[in-house]
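Fold and contact review
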Amino acid sequence: MFQKIAASVMFIIVTIGWVMTGPVCAQKTVTLSTLDWPPYIGQELENNGYVNEIVVEAFKRAGYTAEVNFYPWARALHLVLSGAHDGLFPEYFDPTERDHQIVFSDPFPGGPVGLYKRKDSAISYTVDPQKDQTRALEGLKQYSFGIVRGYINTKAFDEAGFLKKDMAVGDKMNLEKLYNKRIDLIFIDKFVAKYIIVKEFPWYIDELEFMEPPLEVKPLYIAFSKKAPGYKEKLKAFNTGLKEIKGDGTLKKIMQKHGF
């Protein structure tokens, strides 16, 4: 008899908890897609890299659990544009890019982007790209450029229809094509190129180099899908959490821990 009473009481408690708050252990979750893009983010990095740690901690501060899934970039982008996932990161900001499908978060630190070339090449800027990027690129229009399918680069570069652009599925493939003289230049993040070369192609160190100065130093963002339910609430939650970890020094400590 006692067991029946106890079971009935437990059933009533669980039922009340469900009615008032949903499942007793329910938590707010945001589903995000990303890619292996070391040294910023990657499954082989400590805590999956500083970018992942910043995003997870910012959502945690706002009461959310971030579920982060790794895919090839084109697949990650598709999942967000279709609304299957809430957001995509790390993304570069472009006010005209996919503006009817996504909305960007507040920014967090990224790195320098620009062009890589072979050291035995005489290619150089005739104009400082940080003063006039379009003119600087016009001076290189006779060359072929390797880019990654689905990536946002810089506004001037993406709008430069006069450039010969050759698409690849990732930065690693572009570095291989550059080394083997199949293309003249590649657009790439400086730190990403360095990481790939040191880890996978150390013999490239004496053959390839980053063209200074960088085209831009680009901050990073989460791109939230407007098709995903509750995207405005999740965007606000991330921005609130990001502001908090910037203000109390947590973001800086995370980056320092990862060597940035």
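Residues numbered from 1 in each chain as written. Predicted model: local features only at pLDDT ≥ 70, side-chain atom pairs only at ≥ 80, totals over all residues. Heavy atoms only, no water.

Phe-59, Phe-108, Leu-115 and Tyr-116 are the most contacted members of the largest nonpolar core, which has 72 residues in total. When neighbours within four sequence positions are excluded, Leu-115 is seen to be in contact with Tyr-125, Leu-140, Phe-145, Phe-157, Leu-185, Ile-186, Phe-187, Glu-209, Phe-210, Met-211 and Leu-215. (Core = buried A, V, L, I, M, F, W, Y, C linked by side-chain atoms within 4.5 Å. Buried < 20%, exposed > 50% of the residue type's maximum accessible area, 1.4 Å probe, protein only. Contact = heavy atoms within 4.5 Å.)

Moving on, we come to the pattern of salt bridges. If you walk through the whole model with that rule in mind, you get 14 salt bridges. Of the charged contacts, one joins Glu-44 and Lys-199 as a salt bridge, the two residues approaching to 4.0 Å between their closest N and O atoms. Highlighted residues: Glu-44 in the loop between strand S1 (28–34) and helix H2 (50–61) and Lys-199 in helix H7 (residues 190–200), separated in sequence by 155 residues. The partner of Glu-57 in a salt bridge is Arg-61, and the shortest N-O contact between them spans 2.7 Å. Linking Glu-57 with Arg-61, this pair stays in helix H2, spanning four residues, or about one helical turn. Residues participating in the shared-partner salt-bridge network are Glu-57, Arg-61, Glu-244 and Asp-248. (Salt bridge = Lys/Arg side-chain N within 4 Å of Asp/Glu carboxyl O. Helix = DSSP H or I, 4+ residues; strand = E, 2+ residues; numbered from the N terminus.)

What follows is about the layout of surface pockets. If you add up the space inside the largest pocket, you get close to 490 Å³. What lines the largest pocket is a set of 23 residues, and nearest its centre among them are Asp-36, Trp-37, Pro-38, Lys-172 and Ile-196. Considering each element in turn, the lining of the largest pocket owes the most residues, five residues, to H7. Taken together, the residues of the lining of the largest pocket break down into 13 nonpolar, three polar and seven charged. Its residues placed into classes, the lining of the second largest pocket shows six nonpolar, two polar and one charged. (1 Å grid on protein atoms, 1.4 Å probe; cavity = no way out; pocket = protein on both sides within 12 Å on 5 of 7 lines; lining within 4 Å. Points joined across faces, edges and corners; volume = space filled by probe spheres on them. Nonpolar A, V, L, I, M, F, W, Y, C, P; charged D, E, K, R; others polar.)

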